[in-house]
Amino acid sequence: MLIQLSSAALMAAEVAEEHAEGTPPFVYGGVIFAIFMVLMFATMAFTSLGHRHEATPEHVDPQRQFTNKHDHGQGIPE
């Protein structure tokens, strides 16, 4: 399996080398840079989603099958 995978990777590299003779290396760098910039801006756009609303405490239900383990036993009395 590993030999087949490595031979497939070598064949793909040879085919890519034949097609990429006229493409300068900075084009690849520019494309990769643009992809990372898009990912960075998408990350920045969704960074503040957790800070939109004020945090409200969760109701502690003793009948709940899977209790919230994050309240450390404090609970919110009603």
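Note: the structure precedes this text.
Small disclaimer: the values here were computed from a predicted structure and weren't measured. All residue numbers here refer to positions counted from 1 along the written sequence of the relevant chain. The predicted nature of this model means local features are confined to residues of pLDDT at least 70 and side-chain atom pairs, given and counted, to a pLDDT of 80 or more, with totals for whole chains, interfaces and linings taken over all residues. Values shown for side chains rest on all heavy atoms present in the structure; no hydrogens or waters enter the calculation.

1. Side note on the overall build of the chain
Alright, step 1. In DSSP terms, a helix is any run of H or I states spanning at least four residues, a strand is any run of E spanning at least two, and both are numbered starting from the N terminus. A count of helical and extended segments in the chain gives two helices and zero strands.
Alright, step 2. Summary of the burial criterion: residues with accessible area below 20% of their type's maximum are buried, those above 50% are exposed, and those between are partly exposed, where the area comes from a 1.4 Å probe applied to protein chains only. Here the chain holds 78 residues, and 0% of them are scored as buried.

2. Looking at a nonpolar patch on the surface
Alright, step 1. Only residues whose relative accessible area exceeds 30% and that form no salt bridge are eligible for patches; like-charged ones are grouped when within 9 Å, while nonpolar side chains (Val, Leu, Ile, Met, Phe, Trp, Tyr) are grouped when within 5 Å. Surface exposure here means Shrake-Rupley accessible area, sampled with a 1.4 Å probe, where a residue is shielded only by the protein chains that are shown. Note on definitions: salt bridges are taken to be side-chain nitrogens of Lys or Arg within 4 Å of carboxyl oxygens of Asp or Glu. Side chains of F26, V27, Y28, V31, I32, I35, F36 and L39 sit close together on the surface and give an oily, nonpolar patch of about 830 Å² of accessible area.
Alright, step 2. Along the chain, L39 turns up in helix α2 (residues 25–45).
Alright, step 3. Judged by relative accessible area, which is 48%, L39 ranks as partly exposed.

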